[in-house]
Amino acid sequence: MTDNLVTTPFGAQTTAAEVLADIDLSGRRVIVTGGASGIGRETARVLAAAGAEVTIGVRDLTSGSQAAEEIAPASGPGTVRAAMLDLADQTSVRAFVEAWQGPLHILVLNAGVMASPLERTKEGWEIQFATNHLGHFALATGLHSALAAARGARVVAVSSVGHVNGDVLFDDINFEQHTYDPWAAYSQSKTANVLFAVEAGRRWAPDLIAVNALNPGRITSTRLGRHIGDISNSPASFDAASTDVSWKNIEQGAATSVLLAASPLVEGVSGRYFEDCNEAGPHRPGVRRGVATHSVDPQNASRLWQISLDMLAGADATAA
């Protein structure tokens with residue numbers, strides 16, 4: 001981590017629309033995964049309202065198309081369309097990548113699952129790691145040439161404060177030896193999101209592709225927490241009385257994603273982790289803020305990148 005943290009005039013209560021006030025994104029092409037609901041939907045809406053051509057990746061094309069129609073700007077050059085994308089299905093990810101044509105200016109890796117019961121993909125991958133990291137990794141690397149063609153593209157990885165709870169279980173990523181813990185699985189997938197930003201930011205710098213990760217805050221009224229039911233089922237540190245995590249509505253929750261996607265205030269910034277529209281400082285034990293050392297470790301980042309490539313190659317070989 002750098003000692004010179006990036007700061008902006010924005011904060012926890014800033015909305016996504018306020019971040020992009022007076023910014024024109026006409027001609028920019030954007031993909032937002034999980035863009036049919038929650039902060040992904042607001043991210044797509046605000047980027048389109050600024051003039052961008054937005055594609056939302058969705059698992060349910062019928063409901064996704066309806067969402068796209070609802071959030072498309074009533075006037076102006078911006079548009080929103082839906083395209084089929086199931087991040088837990090590598091066949092779906094490959095089809096999405098192969099269908100994309102032309103440059104890609106902004107890729108927001110927003111979709112995710114949290115604390116789900118044990119489930120495995122057809123490859124045997126644990127579903128949270130497969131969805132939150134591997135699906136997005138395959139998507140971003142598959143679209144690398146489109147991002148490079150934009151000459152100044154940005155990739156935004158939506159992580160979580162939950163990354164501070166644990167590193168990637170490099171010796172047992174799929175919980176084949178360890179007893180499955182839905183929160184440990186979630187934490188490693190969110191750590192993986194940050195490690196991806198660190199390594200992609202390094203590798204893709206010559207292509208002028210900026211890659212950053214973020215904690216959107218604790219967002220009310222989204223489907224992310226559907227597997228945990230009442231908030232009392234989550235860790236005590238997620239309690240509403242905590243002053244550590246910024247609790248936000250959806251409009252505020254999308255602000256940091258939008259900042260990293262399109263604001264000139266972070267032009268040229270890459271490989272970093274943000275929260276509340278500013279670069280986060282180091283995590284301190286007992287505090288639900290900041291970025292954990294294990295998630296920005298360059299050796300961990302390089303190791304995860306290679307493991308991810310190997311897992312995808314193995315899946316391709318099996319499919320063939």
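See the structure printed just above.
In what follows, the accompanying structure is described. The residue count restarts for each chain, going from 1 along the sequence in the order it is written. In view of the model being predicted, local features appear only for residues whose pLDDT reaches at least 70, and side-chain atom pairs are presented and counted only at 80 or more, with totals across whole chains, interfaces and linings using the full set of residues. To obtain the side-chain values, all non-hydrogen atoms of the structure were used and water was disregarded.

### A closer look at helix H2 (residues 38-49)
Inference 1: Its twelve residues give H2 an end-to-end C-alpha distance of 17 Å, which sits within 8% of 16 Å, the value for a rise of 1.5 Å per residue.
Inference 2: Most of H2 sits inside the fold, with nine of its twelve residues counted as buried.
Inference 3: Partly exposed residues are those whose accessible area sits between 20% and 50% of the maximum for their type, while under 20% is buried and over 50% is exposed, using a 1.4 Å probe and protein chains only. In this description a helix means any DSSP run of H or I spanning at least four residues, a strand means any run of E spanning at least two, and both kinds are numbered starting from the N terminus. Among the residues of H2, Gly38, Ile39, Gly40, Glu42, Thr43, Ala44, Val46, Leu47 and Ala48 are the ones counted as buried.
Inference 4: Once H2 finishes, glycine 51 follows within two positions and takes phi at roughly 110 degrees, a positive value. Take the residue count of a helix, subtract one, and multiply by 1.5 Å to get its expected span.

### Section: the sheet that holds strand E2 (residues 53-58)
Inference 1: For two strands to be treated as a pair, DSSP must find at least two bridges joining them. The mixed open sheet is built from eight strands, whose spatial order is E3-E2-E1-E4-E5-E6-E9-E10. Across the chains shown, the open sheet's two edge strands, defined by having one partner strand only, are strand E3 (79-84) and strand E10 (278-279).
Inference 2: Bridge count between strand E1 (residues 29-33) and strand E4 (residues 106-109): three bridges; the pairing is parallel. Bridge pairing in E4 places valine 32 opposite valine 108.
Inference 3: By definition in these notes, contact holds between two residues if any of their heavy atoms fall within 4.5 Å. Between the N-to-C directions of two axes lies an angle of 0 to 180 degrees, each axis being a line fitted to C-alpha atoms and, for a helix, fitted only over the stretch in contact. Taken strand by strand, H2 contacts E1, E2, E3, E4 and strand E5 (154-158), and its axis lies near 170 degrees from that of E1.
Inference 4: On the sheet, helix H7 (residues 182-203) packs against E4, E5, strand E6 (210-215) and strand E9 (273-275) and is oriented at approximately 160 degrees with respect to E6.

### Topic: the packing of aromatic side chains
Inference 1: Classification of ring pairs uses Phe, Tyr and Trp, with its six-membered ring standing for Trp, and accepts pairs whose centres are within 6.5 Å; under 30 degrees between planes counts as stacked, over 60 as edge-to-face, and the remaining range as tilted. Scanning all chains against the criterion turns up seven aromatic pairs.
Inference 2: With centroids separated by 5.8 Å and ring planes inclined at 85 degrees, the aromatic side chains of tryptophan 204 and tryptophan 305 adopt a geometry described as edge-to-face. Taken as a pair, tryptophan 204 in the loop between H7 and E6 and tryptophan 305 in helix H10 (residues 298-319) lie far apart in primary sequence, 101 residues in all. This pair shows no difference in class: tryptophan 204 is buried, exactly as tryptophan 305 is.

### Quick look at H7
Inference 1: Look at H7: 31 Å from first C-alpha to last across 22 residues, which is about the 32 Å you get at 1.5 Å a residue.
Inference 2: Among the 22 residues that make up H7, 18 are buried, leaving the element largely enclosed by the rest of the structure.
Inference 3: Any pair of nitrogen or oxygen atoms within 3.5 Å is treated as a polar contact; in protein, a donor-acceptor pairing is required on top of that, and neighbouring residues in sequence qualify only through side-chain atoms on both sides. For H7, the N-terminal cap is aspartate 181; the gap from its side-chain oxygen to the backbone nitrogen of tryptophan 183 is 2.8 Å.

### Some words on the packing of helix H4 (residues 90-99) against helix H5 (residues 127-142)
Inference 1: Running from N to C, H4 and H5 point in directions that differ by 25 degrees, and their axes come no closer than 10 Å. Judged by the angle between their axes, H4 and H5 are roughly parallel. Every pair of crossing elements has a handedness; the one defined by H4 and H5 is right-handed. Residues Gln90, Val93, Phe96 and Val97 of H4 pack against Leu134, Gly135, Ala138, Leu139 and Gly142 of H5.
Inference 2: Partitioned by chemical class, the residues of the contact of H4 with H5 number six nonpolar, three polar and no charged. Angular relationships are summarised with four words: roughly parallel below 35 degrees, roughly antiparallel beyond 145, roughly perpendicular across 65 to 115, and oblique for the angles in between. It is the rotation of the near helix from the far one that decides the hand of a crossing: anticlockwise by less than a right angle makes it left-handed, clockwise makes it right-handed. Under the grouping applied here, Gly and all other residues not named as nonpolar or charged are polar, the nonpolar ones being Ala, Val, Leu, Ile, Met, Phe, Trp, Tyr, Cys and Pro and the charged ones Asp, Glu, Lys and Arg.

### Quick word on the side chain of threonine 131
Inference 1: Topologically, threonine 131 is positioned in helix H5.
Inference 2: Residue class for threonine 131 comes out buried when judged on its relative accessible area of 9%.
Inference 3: Every residue in contact with threonine 131, bar those within four places of it in the chain, is listed here: Leu87, Ala88, Val113 and His136.

So far we have only geometry, and geometry alone does not tell us how the molecule works.
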